[in-house]
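Residue-level structure breakdown
Spelled out from the first residue to the last, the chains are:
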Amino acid sequence: MTLSSGLTLAAVLALVTVVAVVMRPRGTSTVDFYLAGQRVGVATNAWAICGDYFSAASFLGVAAAVYATGLDGAWYAVGFAAGFVPVLLFVAAPLRRFGEFSIPDFLGRRLGSERVRLVAVGVVQLVILSYLVPQTVGSGITWELLVGQGVAGLSPYATGIVVSTAVVAALVSFGGMRGTTWTQAVQFLLLLGALLWLAATVLGEGFHYGDAVERISTAPLGNPAPDGGLATEPNALHPGEPAVFGEPGARYDVLGQLALIVTLAMGTAGLPHVMNRYFTSPTGTAARTTTVWVLCLAGVFYAVAVMLGTAARELIPRAVADNAWLEELTVDGVLTVPEHALPVLGRIYGGDAGLGVVAAGALIAVLSTIAGLLLAAATSWGHDVYERHINPRATQRQAVLAGRVTTLTTACLAAGLGLLLSPTTFSASTPSIVATMVTWAFAIAGSALTPVFLLSIWWRRTTAAGAVAGMSTGVAVAVGMLVAGTVADGSVWPDLLLTPTLLAAPVTTVVTVVVSRRTAPPPDVERSWLIMHGTAADRHAVALARLVLAETRRRRREVRRARR
Amino acid sequence: MDDDDVGTRDTPAEVDAAFRTLRRVSVGYFVVFLLGVAAFPVLTLTLDWWSQARLVGGMSPGFLVAAFGLYLFFAVLGIAAARLSSAVEHRMLGAAEQGPDGADAAEEDTP
């Protein structure tokens, strides 16, 4: 590790630690620990949601997917951004108005069933673990590039996983949702800053986006093959022809494109760490406005990430001659691990400091997402299981302690699974292992949770039995298809199997509706409707905030008068 | 949750009417969203110009849309849907707390 990259890393870790300490929960209540007192403003929450959502898959994975598969890689970016449209239209405001702590808590209360709550906890934990593992893989990759050395006999990759997971677990255990919100907001701004810095540097060095797309699209798209050479990517849309960077077909046929976008777009509304953030908004209208901010920020972020993936494909082959260190990372000028695209670009144009900035950005992306996921795990285990079923008489202090213990346990599990996986094992079969693994989490969330979630908010007749049947079916179909797609090489519809929501979500919906129609809805559904779709609580909160503001101003005036 | 407050301030009939209107708004915008996203693969299959023409700086129309256009589409759609939904809620709910000219009673009470 060079001095500049070491200093960058130390500065980032110091900054997030300071923010977590300054913004730690003021009380010991579970509302403070899990929901930051429900007083997070629109801009802060939007930045925190972006910090939560823009993970290693977004920072390293999108650019990597574009680098490896051209236009088809951009579908990851489109799908990740599209996910907030259904959230805005169907979920944000009613979810916040109903209140509660987590997705299982919402479903359990709305449908009046502890069974629903427990099944939802199981699904949520599966989603969290599927999302956590690629983040740990991303932290291992980043450490490998930034530091390049292991400690205590561990490899650099393993050291990255252990160190980052331990740091985040400690920060979350200490800071709770309040500290995590502010560290994530700061982390997002740093992450966006790193991405914009790299984009400005590359453009400043004379990179022209349109010319680059045209130039690299004149030759067939090639990537490293297992035999050590370059292999031309086949065209999925026009069999027999080679794939080209600037045209669709390098990875997906029409069904594959659609399946990937539906999986990512539907999955967002079922991601526990993102949805839990909406409970921290002061009102339903604020939650809706927050989502608009997120949509705009996501647009900027992903458009820049796609451009940088293109820049890496154009510029790295030309840089090999002048940068000897690139030879061990490339085959004929093409990176063997596509996730290295952005860090390598940073080092080419900014030297060790440039690598430090980009690697710190990647590490921030990983840290902030791991923090959100650990907090979501703590909420569902600590609040939905411990407080409800294991120790219903728990004091607030005991409940918060249970959340902290859960955080550490989940972190250990994710780090262990991350250590078992290595990115080079998969790089030949997927455009980006990090982005692909995150897709599994989206697939389970979008197949099992989102349909039940949407029906619970918008269909009065949804019942507990219907929700349990729907979630169980969704998980079974999604996991079954993912396993079949991974194991059965050369299957008829490999893309549909690996992005199963297009099929699994309708099945979940049909099962939920059919079972719900045969069972009785909860007795207090009209009361739930008034809370979810009425705005009385919002108006109440706004009126109260205005009164508090007026009172504060009045007191300040009185103090000023008294001083005179 | 302020359950009791909610029960006394929004009537079930008001909430039901607002819910139905918002459902129409959300489903309408969602259909526009689906058409926008689904148009890409359809155009890829049916129109050679979509993938092979070179427009701004050498990018094809398809690449331009995937690189910039869709994010702009999502943002514009989101802003429009949020504004309309909030306006619907404002007009259809909380009538009892609004004065004859539509101003919030709470606002009038604020010193």
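Conventions we followed
Residues numbered from 1 in each chain as written. Chains lettered and ligands numbered in written order. Predicted model: local features only at pLDDT ≥ 70, side-chain atom pairs only at ≥ 80, totals over all residues. Helix = DSSP H or I, 4+ residues; strand = E, 2+ residues; numbered from the N terminus. Buried ≥ 20, exposed ≤ 12 C-beta atoms within 10 Å, placed from the backbone. Contact = placed C-beta atoms within 7 Å. Nonpolar A, V, L, I, M, F, W, Y, C, P; charged D, E, K, R; others polar. Axes fitted to C-alpha atoms, helices over the stretch in contact; angles between N-to-C directions. Parallel < 35°, antiparallel > 145°, perpendicular 65-115°, else oblique. Expected span 1.5 Å × (residues − 1). Bend = angle between axes of the 7 residues up to and from the residue. Core = buried A, V, L, I, M, F, W, Y, C linked by C-beta atoms within 7 Å. pLDDT = per-residue confidence, 0-100.

Overview of the overall build of chain B
- When you go through chain B residue by residue, the secondary structure sums to five helices and zero strands.
- Ordered by position from N to C terminus, the α and β elements of chain B give α-α-α-α-α.
- When each of the 111 residues of chain B is scored for burial, the buried share is 30%.
- Residue pairs at least 24 apart in sequence account for 48% of intrachain contacts in chain B once pairs closer than 6 positions are excluded.

Overview of the overall build of chain A
- For chain A, the helix and strand inventory stands at 22 helices and four strands.
- Put simply, chain A has 564 residues, and 63% of those count as buried.
- Put simply, of all contacts in chain A between residues at least 6 apart along the chain, 80% involve residues at least 24 apart.

Regarding the interface of chain A and chain B
- Residue-level contacts link 53 residues of chain A with 52 residues of chain B.
- Secondary-structure elements contributing two or more residues to the side of chain A that touches chain B are helix 5 (74–82), helix 6 (84–98), helix 10 (209–216), helix 11 (254–268), helix 13 (284–319), helix 21 (525–533) and helix 22 (536–563) of chain A.
- In terms of residue count, helix 13 of chain A provides more of the side of chain A that touches chain B than any other element does, 12 residues in total.
- Residue composition of the side of chain A that touches chain B, by class: 32 nonpolar, 13 polar and eight charged.

Here's the deal with the packing of helix 4 (residues 56–69) of chain A against helix 14 (residues 341–390) of chain A
All names here are of chain A.
- Following both chains from N to C, one finds helix 4 and helix 14 inclined at 135°, their axes separated by 7 Å at the closest point. Looking at the two axes, helix 4 sits oblique to helix 14. Here Ala56, Ser58, Phe59, Leu60, Ala63, Ala64 and Tyr67 of helix 4 lie close against helix 14, whose contacting residues are Ala341, Leu342, Gly361, Ala362, Ala365 and Val366.
- Of the residues contributing to the contact of helix 4 with helix 14, the split by class is 11 nonpolar, two polar and no charged.

Structural notes on helix 2 (residues 12–46) of chain B
- Between its terminal C-alpha atoms helix 2 of chain B stretches 49 Å, which fits the 51 Å expected from 35 residues at 1.5 Å a residue.
- The largest bend along helix 2 of chain B reaches roughly 30° and is located at Ala39 of chain B, with the proline Pro41 of chain B sitting one to four residues downstream.
- On its buried side, helix 2 of chain B packs onto helix 5, helix 6, helix 11 and helix 21 of chain A together with helix 4 (61–92) of chain B.

Remarks on the environment of Thr280 of chain A
- Locating Thr280 of chain A in the fold gives a position in the loop between helix 12 (272–278) and helix 13.
- Overall, Thr280 of chain A belongs to the buried group, with 26 C-beta atoms counted inside 10 Å.

Digging into the nonpolar core
- Membership of the largest hydrophobic core comes to 212 residues, with the highest contact counts inside it found for Ala63, Tyr302, Leu345 and Leu374 of chain A.
- Broken down by element, the residue count for this core peaks at 27 residues, all from helix 14 of chain A.
- When residues no more than four places from it in sequence are discounted, the contact partners of Tyr302 of chain A are Val62, Ala77, Phe80 and Ala81 of chain A together with Tyr71 of chain B.
- In this structure, Leu221, Ala243, Phe245 and Ala250 of chain A belong to the second largest nonpolar core, which totals five residues.

Quick notes on the confidence of the model for chain A
- Of the residues in chain A, 90% reach a pLDDT of 70 or more, and the chain-wide mean stands at 84.
- Confidence, expressed as mean pLDDT per element, reaches its minimum in chain A at helix 2 (residues 30–35) of chain A with 52 and its maximum at helix 20 (residues 501–517) of chain A with 96.

Some points on the confidence of the model for chain B
All names here are of chain B.
- The predicted model of chain B has a mean per-residue pLDDT of 80, with 77% of residues at 70 or higher.
- At the low end of the mean pLDDT range in chain B sits helix 5 (residues 105–109), at 38; at the high end sits helix 4, at 93.
- Across residues 1–7, confidence stays below pLDDT 50; counting only partners more than four residues off in sequence or on other chains, it has 16 contacts.
- Per-residue pLDDT stays below 50 along residues 102–111; that stretch engages in 16 contacts with residues further than four places along the chain or on separate chains.
- We note a pTM of 0.84 for the whole complex and an ipTM of 0.84 for its interfaces.

So, the packing of helix 11 of chain A against helix 2 of chain B
- Between helix 11 of chain A and helix 2 of chain B, whose axes approach to 10 Å, the crossing angle comes to 170°. Of the possible angle classes, the one that applies to helix 11 of chain A and helix 2 of chain B is roughly antiparallel. On the side of helix 11 of chain A, the interface is formed by Val254, Gln257, Leu258 and Ile261 of chain A, while helix 2 of chain B contributes Val37, Pro41 and Leu45 of chain B.

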